[in-house]
Protein chains: 2
Amino acid sequence: MMNLSKRITSMQESPIRKLVPYAQAAKANGKKVYHLNIGQPDIETPSSFMEAIRNFDEKVLAYSLSQGMPELIDSMIDYYKKYDMHFENDEILITNGGSEALLFAMIAVADAGDEVLVPEPFYTNYNGFTSAVDVKVVPITCKAEEGFHLPNRKSIEDIINPKTKAIMLSNPGNPTGVVYTKEEIHMLADLAKEYNLFILADEVYREFVYDGLEYTSFGNIKEIQDRVVIIDSVSKRYSACGARIGSVACKNKELIKEVLKLCQGRLCVPTLEQVGAIELYKTPESYFKTVNKEYEKRRDIVYTELNKMPGVLCKKPTGAFYVAAKLPVDDAEKFVIWMLKDFDIDGETLMMAPAEGFYATPGLGKDEVRIAYVLNEDDLMKSMNLLKVALELYPNKTI
Amino acid sequence: MMNLSKRITSMQESPIRKLVPYAQAAKANGKKVYHLNIGQPDIETPSSFMEAIRNFDEKVLAYSLSQGMPELIDSMIDYYKKYDMHFENDEILITNGGSEALLFAMIAVADAGDEVLVPEPFYTNYNGFTSAVDVKVVPITCKAEEGFHLPNRKSIEDIINPKTKAIMLSNPGNPTGVVYTKEEIHMLADLAKEYNLFILADEVYREFVYDGLEYTSFGNIKEIQDRVVIIDSVSKRYSACGARIGSVACKNKELIKEVLKLCQGRLCVPTLEQVGAIELYKTPESYFKTVNKEYEKRRDIVYTELNKMPGVLCKKPTGAFYVAAKLPVDDAEKFVIWMLKDFDIDGETLMMAPAEGFYATPGLGKDEVRIAYVLNEDDLMKSMNLLKVALELYPNKTI
């Protein structure tokens, strides 16, 4: 019998993807499943992406540079300028999706056994990256009742110790849709300065902010630029999840130089996807206005309908395209499975992501789900109706 | 002052890529540089790759499955059958290049502090993967004088201890061009069985075997299939280095299931590159015959010319497209830099990879280089002439 490593066997399965077999079975039984479980937008990818790729005509599909194609880095530099972030050529690295960017940043700032603070609930794959490289996630618990905003400074200071190397967070938040206030961002910036921590700022949803809210990027706080690592991706920004083009941007040239070694180790990011991404980052800002209007409408539907359902708790999310909601059920995972296996209206049902896997603290999130509002208005309305009826019929409801 | 992790700061820079700035400077000064330093073939990528991609017409570039596109896995299953390796759907995972496959396999079989045996000189990026995840490379030293074949069984047994989890090797070998004999492969298989080790078999050069030699894959030794992890890639096989499509294949379903968690953590491999790779793996075998004939010719040129140069030691390599040669110089890295900075004939010079970085044992390989014979015959002849003259003129030659 072969022994696999402890770090891999102890790694959590993706809570977003582990229920996929139930969805497949439901479909095999002829059910239609509305997928609100995964952040796969239905928005069209800007056509400039495929156009650029179709025009690629080199005879040999060669390695590109480990740091990324210079034209793509230039294109990103121009993009960041619009947000008053100013990077030089040697301060940006192109990665295989935001995922690799997070993994590489983690390896760069933390040794095996070190700790990283993360507001929970958090993007569940943070768990995967950290266990793969033996870093411990220490959660900053946030609550549905408070719209998942941060707790006070003192309660964060209490969990900082000499092993703490960084604060990692997504803003706007996945899975909560929270947009942290200017005060919250500055509070974390101060903590980072005082305790000599890095900030791994996952800002892949930067543009997805609603209600005319102000967005504060860690990239805008001048005095901590040596400790801020900005993680980005084209996946959500341009609805190009299958392109897997992410990036690490950091004014700390030493960090970039070190992460470049990891980039060299995996040689390069796919050439064609970069050729397409160069054009994506030139997409005019009007694109975001149109897309945001659409998401804001969807957010309103989901939020309004959820709040009509008895026993459901959900503060109004203001960013990304997720809602985390407390449901009146014994166990959200069981409920999601029940909806796939034992429930339908006219052959239709709904899939959501149970939120327990988004928490590091055992027991939290058991009655919560994440809903990704990535479907059109009609489908969302149908989905919310399905949820409403399901909550009435579910045998293990708690109200 | 921010502290980066020890594991990243102690990581070796890629010896293949770290001298690139010297090459760039040489070019800026108007020199033509023949690149024999990097395994970037000049062979055309089969046109089926771009054709498939150009025909892709989904409006939304969505995530693909974490394990890889089913059609690509099917295409690979058919490919392996030709080599009498028989994998099922749930025994293959598609990765971001062979690099990610190696990294994931390493995480799966070894915890932080564990050891992996690797014949040295070895593919230098093995160093990067292992330090990133805190695994120690323990070298099995092989010698230029012996054509880089393995030492005897006893000397390998001597370095196995309870922390040893796997033997990792590329066959045919990068950077040596060695093709291990059937006896060598079986000897390692026996050791793996006796000491309960995994074998991470990097077989990305499987088709690049010359002189009509027999090739033995670890995938063909039935009794150890629960401990063999086959790493593959389209990069060299189909001259598609920029596609970054690799794979992990293993009959141990438990290992695949665990590695799938890592795959889920990074969501998926680019969709378009997989669409192209499906076609690559259907390339008829006649393609390899043509390509191999070309490489065999080039190998002959390089080997013959090297052996005419006084003081150069190089046994005939029989696979991949590399030659590792001992040169009569004080320090191969200094020599390579000197060729880029201070040497040229009619404005032309040559770049090779100094081999010291391919060794884990300090001091070894200092007078060795790796030459990748990835240029056409004319350019190779010119390159060999440049090397011959450079060795005569180099101020710190040792003969």
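Just so it is clear, the model here is predicted, and its values are computed rather than measured.

Caption draft 1: Inspection of helix α12 (residues 286-308) of chain A at higher detail. All names here are of chain A. Between the first and last C-alpha of α12 there are 34 Å, a value that for 23 residues agrees with the 33 Å anticipated at 1.5 Å per step. Taken residue by residue, α12 has Tyr287, Phe288, Val291, Asn292, Tyr295, Arg298, Arg299, Ile301, Val302, Glu305 and Leu306 as its buried positions. Tucked into the core, α12 has its buried residues touching α9 (234-237), β9 (322-326), β12 (368-372) and α14 (377-393).

Caption draft 2: Quick peek at the side chain of A:Glu207. Residues and elements named next belong to chain A. Considering the arrangement of structural elements, one finds Glu207 in the loop between β6 (198-202) and β7 (228-233). Within the local environment of Glu207, its side chain forms a polar contact with the side chain of Arg237, the two groups lying 2.8 Å apart. Sequence-distant contacts of Glu207, defined by excluding residues within four places in its chain, comprise Tyr79, Tyr83, Arg237, Phe288 and Asn292.

Caption draft 3: The relation of the copies chain B and chain A, seen in detail. For the match of chain B to chain A, the screw axis carries a shift of 0.0 Å, the RMSD comes to 0.0 Å, and the turn is 180°. Taken together, the rotation and translation relating the two chain copies correspond to the operation of a two-fold axis. For chain B, the minimum C-alpha distance to the rotation axis belongs to B:Arg54 and amounts to 2.6 Å.

Caption draft 4: Examining empty space enclosed by the protein more closely. All told, the structure shown has seven cavities of 30 Å³ or more when counted by the stated rule. Empty space within the largest cavity amounts to approximately 330 Å³. Taken together, 28 residues form the lining of the largest cavity, with A:Glu100, A:Leu103, A:Phe104, B:Leu103 and B:Phe104 sitting closest to its centre. Among the secondary structure elements, those contributing two or more residues to the lining of the largest cavity are α5 (97-109), α6 (125-132) and α10 (253-265) of chain A together with α5 (97-109), α6 (125-132) and α10 (253-265) of chain B. Of the residues in the lining of the largest cavity, the class split is 14 nonpolar, eight polar and six charged.

Caption draft 5: Spotlight on the interface of chain B and chain A. Counting residues at the interface gives 81 residues for chain B and 81 residues for chain A. Taking both partners together, chain B and chain A bury about 6,600 Å²; carbon and sulfur atoms supply 57% of that area. Taken as a group, B:Met2, B:Arg17 and B:Tyr63 account for 12% of the area that chain B buries against chain A, more than any other trio of residues on that side. In this assembly, chain B and chain A are joined by 39 residue pairs in polar contact (both at pLDDT 80 or more). At the level of elements, α1 (6-9), α3 (48-54), α5, α6, α9 (234-237), α10 and α11 (271-280) of chain B are the ones that each hand at least two residues to the side of chain B that touches chain A. Residue contributions to the side of chain B that touches chain A peak at eight residues, all from α10(B). Of the residues that constitute the side of chain B that touches chain A, the class distribution is 40 nonpolar, 21 polar and 20 charged.

Parameters at a glance
Residues numbered from 1 in each chain as written. Chains lettered and ligands numbered in written order. Predicted model: local features only at pLDDT ≥ 70, side-chain atom pairs only at ≥ 80, totals over all residues. Heavy atoms only, no water. Helix = DSSP H or I, 4+ residues; strand = E, 2+ residues; numbered from the N terminus. Expected span 1.5 Å × (residues − 1). Buried < 20%, exposed > 50% of the residue type's maximum accessible area, 1.4 Å probe, protein only. Contact = heavy atoms within 4.5 Å. Polar contact = N/O pair within 3.5 Å; in protein donor to acceptor, adjacent residues only side chain to side chain. Least-squares fit on C-alpha atoms with pLDDT ≥ 70 in both. 1 Å grid on protein atoms, 1.4 Å probe; cavity = no way out; pocket = protein on both sides within 12 Å on 5 of 7 lines; lining within 4 Å. Points joined across faces, edges and corners; volume = space filled by probe spheres on them. Nonpolar A, V, L, I, M, F, W, Y, C, P; charged D, E, K, R; others polar. Buried area = accessible area lost by both parts, 1.4 Å probe.

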